[in-house]
Structures are given as structure tokens and as C-alpha cells.
Amino acid sequence: MKIRTKLFGTVGIVSAFLVALGGTFIYELNSYQGLRDVEGLLARTHVGVLELRRAEKDFLARGEGKYLERFNAQRVEVDSQFGQLYDEAGRYALNADSVAEARTHVQEYAQTFNTLAERQAVVGLDEKSGLYGALRNAVHAVEEVFAQHHDHEQQAGLLMLRRAEKDFSPARTTVNR
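Predicted, not measured: the structure shown is a model, and the values here were computed from it.

## Brief notes about the pattern of salt bridges
Following the criterion strictly, the structure yields eight salt bridges and no others. A salt bridge links R54 to E51; the shortest N-O distance between them is 3.8 Å. Residue R54 and its partner E51 are both found in helix α1 (residues 3-62); the two are separated by three residues, about one turn of the helix. Owing to a relative accessible area of 31%, E51 belongs among the partly exposed residues under this scheme.

## Regarding the packing of helix α2 (residues 65-91) against helix α3 (residues 96-123)
Running from amino to carboxyl end, α2 crosses α3 at an angle of 170 degrees, the nearest separation of the two axes being 9 Å. Classified by the angle between their axes, α2 and α3 sit roughly antiparallel to one another. Read as a crossing pair, α2 and α3 show a hand that is left-handed. Counted together, L68, F71, N72, R75, V78, D79, F82, G83, L85, Y86 and A89 of α2 and A96, V99, A100, A102, R103, V106, Q107, Y109, A110, F113, N114 and A117 of α3 form the full contact between these two elements. Looking at side-chain class alone, the contact of α2 with α3 contains 16 nonpolar, four polar and three charged residues.

Cut-offs used in this document
Residues numbered from 1 in each chain as written. Predicted model: local features only at pLDDT ≥ 70, side-chain atom pairs only at ≥ 80, totals over all residues. Heavy atoms only, no water. Salt bridge = Lys/Arg side-chain N within 4 Å of Asp/Glu carboxyl O. Helix = DSSP H or I, 4+ residues; strand = E, 2+ residues; numbered from the N terminus. Buried < 20%, exposed > 50% of the residue type's maximum accessible area, 1.4 Å probe, protein only. Axes fitted to C-alpha atoms, helices over the stretch in contact; angles between N-to-C directions. Parallel < 35°, antiparallel > 145°, perpendicular 65-115°, else oblique. Left-handed = near helix turned anticlockwise from the far one by under 90°. Contact = heavy atoms within 4.5 Å. Nonpolar A, V, L, I, M, F, W, Y, C, P; charged D, E, K, R; others polar.

As C-alpha cells, then:
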């Protein structure tokens with residue numbers, strides 16, 4: 001064999017290895033970028049869960065429906081992000097079971113919070129709504145009846161009852177909100 005043929009053969013083999021090495025490098029670079037995207041999605045999902053908690057605390061502290069709406073809108077977004085994470089976990093051979101388990105826990109949390117919000121609305125989000133509002137209206141009606149009959153002893157007893165009710169309301173706010 002001629003030296004020229006050997007040299008072209010060697011250059012061909014080295015070129016093939018360089019092409020293979022370049023292809024491997026591009027594949028690994030794309031995989032790395034994909035994993036960075038998954039990391040960003042995981043961070044956004046974590047922030048989304050924290051936003052759920054924030055909306056929950058705002059609802060419990062203020063008793064306004066807009067925070068419940070914000071919670072449920074954020075829940076839909078977080079659930080979608082968990083779906084994307086699950087898909088990506090399968091794609092990159094990550095632990096998809098952990099993603100599914102976390103998603104289940106967040107769904108249970110959202111369901112429990114929505115149940116709490118429904119029950120809180122029944123009791124009353126403020127002193128004028130729900131059962132608290134009904135109690136307040138009933139006491140006002142009884143107060144008027146006592147005032148019409150000039151029954152001062154009953155009025156005094158009713159006022160003591162109202163005082164106990166007012167003492168209870170802030171305690172309820174402190175404990176449950």
C-alpha cells in the first residue's frame with residue numbers, strides 16, 4: 001500500500017471520529033439544555049405552589065372571594081406544570097413517580113382548601129354573611145321587640161349575650177383566620 005492511501009485512510013477515519021464526536025457533543029448539549037428547561041419548569045412549579053399558599057392565606061385572613069378565585073386559577077396552572085414535568089421526566093429518565101406523588105399531594109391540598117372555603121362561607125366570611133349574618137339579624141329583631149315592650153331586664157341580658165358574641169368573634173378570627 002502506498003503512503004498516500006494510508007494517509008487518506010487515516011484522515012478518513014479521524015474525520016469520521018470527529019463527526020461522531022461532534023454529533024455526540026450536539027446531542028449532549030441539547031440534552032443539557034432540555035434539562036435546564038426542566039429545571040426552570042420545576043422552579044416555576046415551586047413558585048406556583050407558593051402562590052397557592054399565598055392565596056390561601058389571603059383568603060383566610062381577609063375572607064374575600066377574589067382570593068379563592070386566584071387560588072383556583074393558580075391551581076389549574078400548577079396542575080398543568082405538573083403534567084409537563086411528568087412528561088419531561090419520562091423523556092429524560094428522571095423520577096416520574098416523585099412528580100406524580102407531588103401532583104397528587106397538591107391536588108389533595110387544593111380539594112381540602114376548597115372544602116374549607118365552602119364551609120367558611122356557610123359559617124360566614126364576615127359578620128354580615130352566612131350563619132353569623134343570620135344570628136346578627138335575629139338578635140337585631142329580638143332587640144327591637146324588647147325595645148318596643150320596654151323590657152329593660154331582657155335588653156340587658158341580650159346586651160350581655162351580644163358582648164359574649166363580640167368577644168367570641170375576634171377569638172374566632174384569631175384562631176381560624
